[in-house]
Structures are given as C-alpha cells and as structure tokens.
Amino acid sequence: MAKSASPRPGVAFVHPSEAEFARILDFYQIAWEYEPRTFELRWDGQGNVVEAFTPDFYLPEQDLYIELTTMEQRLITKKHRKLRRLRELYPNVNIKLLNRSDFKQMILKYGLDDDTSLIGQPQEQSA
Amino acid sequence: MNSTSPTSWPGDIGPVFLTEEQIQQAVDRLGAQISQDYAGKDLVMVGILKGVLFFMADLLRAITIPVTVDFLAIARYGPSEQTRGVVHLTKDLTEPLDGRHVLFVEDIIDTGLTTHFIMRTLRLRQPASLEACVLLNRNRRRIIDVDLAYVGFEIPDIYVVGYGLDFKEQYRNLRYIVKFEPDETAR
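What this report covers is the structure whose coordinates are included nearby. Computed from a predicted model, the values in this text were never measured in an experiment.

Some words on helix α1 (residues 16-27) of chain A
1) Next: Compared with the 16 Å implied by 1.5 Å per residue over 12 residues, the 17 Å span of α1(A) between its first and last C-alpha is a close match.
2) Next: All of the buried residues along α1(A) are A:Ser17, A:Glu18, A:Ala19, A:Glu20, A:Phe21, A:Ala22, A:Arg23, A:Ile24, A:Leu25 and A:Phe27.
3) Next: Here the buried face of α1(A) lies against β1 (33-34), β4 (57-59), β5 (64-68), β6 (95-98) and α3 (100-109) of chain A together with α3 (113-123) of chain B.
4) Next: At the exit of α1(A) stands A:Gln29, carrying a positive phi of roughly 60 degrees.

Structure follows, in structure tokens:
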C-alpha cells in the first residue's frame, strides 16, 4: 500500500503513524532522524543494561527527541515511567511524548482521520 | 438564537467554548496592545488564509494606528498524494516587507510547524522586526517552539471550530468557537 510506504528509503517504521509523522515533518521541511539513539536506563549488578529507551524521532535543528505512541492512555504507564527515568538520568535531553490523543488531533487537522490504519489499532507497547 | 447557533449544525459540535463576547474582549485587548507597541511604526500585518479571516478583520478594526494588511496562503498537508510533498506558498504577499515592522497573525497555533515555516519565510524578507500574534495557543502538542508576542487565549487539548477555524472546510462561519467532537458513527 503506497500510503504506508516509508517516506525515506532505508527507514523501516514500526507503525504507520510513525511513517505519517515523518511525512508531515518532511512536508514542513523539518529535518529528522528515526531512532538514532538508545538511552540506557537501568543496569544489573554486573553493569549490563537491563532497560533502555529509544525515542522514535530526533529533530536536530530543534535538538528535540519525540516519542510517538498510539497506545491507549491506560497502557502507557510503562512508557511514562521510562520517560521520567530518562529525564532524571539525562536532564539535558529534550524529549516530548505525543500520545494517541495528540496524534488523533493531528490527523483530524490534516484530514487523515478516515485512515484507520494510522490510529485505529492501538500500538503494542515498545521502546 | 441566530442562524449560526449550535442547534443548526450537525451533532459533531459541542458546547460553545468561547462566546462572541469573550472573543471580542480578547480582540480589543490585543488591538489596544498592538496599537500602543507599534505607534509611529510602519506596521504590516500578515495573515495566513483562510482560518485567520475573521480574527484579522476584527483585530484590524480594534487597532487605532495606521496599518497595512496582506495575506498569504500555503499548501496544506493532506491525505492525497497531491497534498503531500513539501510546503510552499500558494499565494504570496503583494506588500514588500524589507525594513517594515511585520506582525504575523494566526488563528491558532498547535504543533508550531506552520508558524515556523511562515516565520522563516517572512524573516528572509528582512523586515525591521517580526513578531507573531495568535488568537488561540494550544501548546500541548507543540513540536517547534515559537515566540508569541500576543496571545488571545491559551486553550487545552481539544479540537475547536468556528470563527474561521474549520473541520474539512466546514464550520468557519460560526460566530463563536465550539468544541468539536467528530461523530465516529458517521464515518
């Protein structure tokens, strides 16, 4: 389906909403990178990483990470906890969470609300 | 009730969020402040079509100093392949901006993506100053930060229509601003 094809060759998006968000950024000529960095959040006694977080997008001109999720609000507790941990460990990192409601408003604004693939199926928890 | 009362419209629109009186009070406040700040300056107010029409018309009439107005329009991101690609002006200004004091006026700022593009475009025309004025600031989903010199209302995370704001080109002609809740069953 052409609509869900990656807007950038070589970048495989996990969810159609991410591909659509990348298209919106491209439209407004906002430079972006997809999952360029993984932040280590917790380690075991041997120093092995046991928890990490990889934000979906990085906007280099804004020095801003963006995590986009279409999960239902009740399912994103774990993600919120990871974000809190990330902010504690990396206070100089700017990160914003765009949740299901935020993305729904965006697709309403752009008239994409008929495309149920973008938000109709709540996204599995990841990152 | 007048002809644009909520009862005349489909069930998608919710209760009135901002009344005509509330909007007019904000417009008067902004107009007075702008008149004071730009007194003696060559002010050009630039609006982006189409949503800003009503706000611009009312704001201009609330301003008590000489002012020039101009409009531009940009391609809007949309669902079809024709509406994707890259943002660009579909209608340019007719007024030169170099050396003049430019105030960009917008109905609502949400992600900041459109405003960022417009401010960047206007800045390239070398105005003496460039500021932004917005009726509604919904910063919950702000992606690109934008400095706003004049704000009518800070609004929460809701979708609104009316007073120029649309949903699929409808509801612009409501005299007030209402919460919009799409009727899922109608899709």
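Thoughts on the sheet that holds strand β3 (residues 68-74) of chain B
All names here are of chain B.
1) Next: Across the sheet, six strands lie side by side as β4-β3-β2-β5-β6-β7; this open sheet has mixed pairing. For this open sheet the edge positions go to β4 (89-91) and β7 (150-154), each flanked by a neighbour on one side alone. Direction aside, neighbouring strands of the sheet carry axes that sit 30 degrees apart on average.
2) Next: When strand β5 (residues 101-109) meets strand β6 (residues 129-137), the two strands line up parallel, connected through eight bridges. Counted as the bridge partner of Phe104 is Ala132 from β6.

Looking at the environment of A:Ile66
1) Next: Here A:Ile66 shows up in strand β5.
2) Next: Separated by 17 residues in sequence, A:Ile66 and A:Leu83 have C-alpha atoms that sit 11 Å apart.
3) Next: Setting aside anything within four residues of it in sequence, one finds A:Ile66 in contact with A:Phe21, A:Pro55, A:Asp56, A:Phe57, A:Leu59, A:Lys96, A:Leu98 and B:Ile143.

Rules behind the numbers
- Residues numbered from 1 in each chain as written.
- Chains lettered and ligands numbered in written order.
- Predicted model: local features only at pLDDT ≥ 70, side-chain atom pairs only at ≥ 80, totals over all residues.
- Heavy atoms only, no water.
- Helix = DSSP H or I, 4+ residues; strand = E, 2+ residues; numbered from the N terminus.
- Expected span 1.5 Å × (residues − 1).
- Buried < 20%, exposed > 50% of the residue type's maximum accessible area, 1.4 Å probe, protein only.
- Contact = heavy atoms within 4.5 Å.
- Pairing = 2+ DSSP bridges.
- Axes fitted to C-alpha atoms, helices over the stretch in contact; angles between N-to-C directions.

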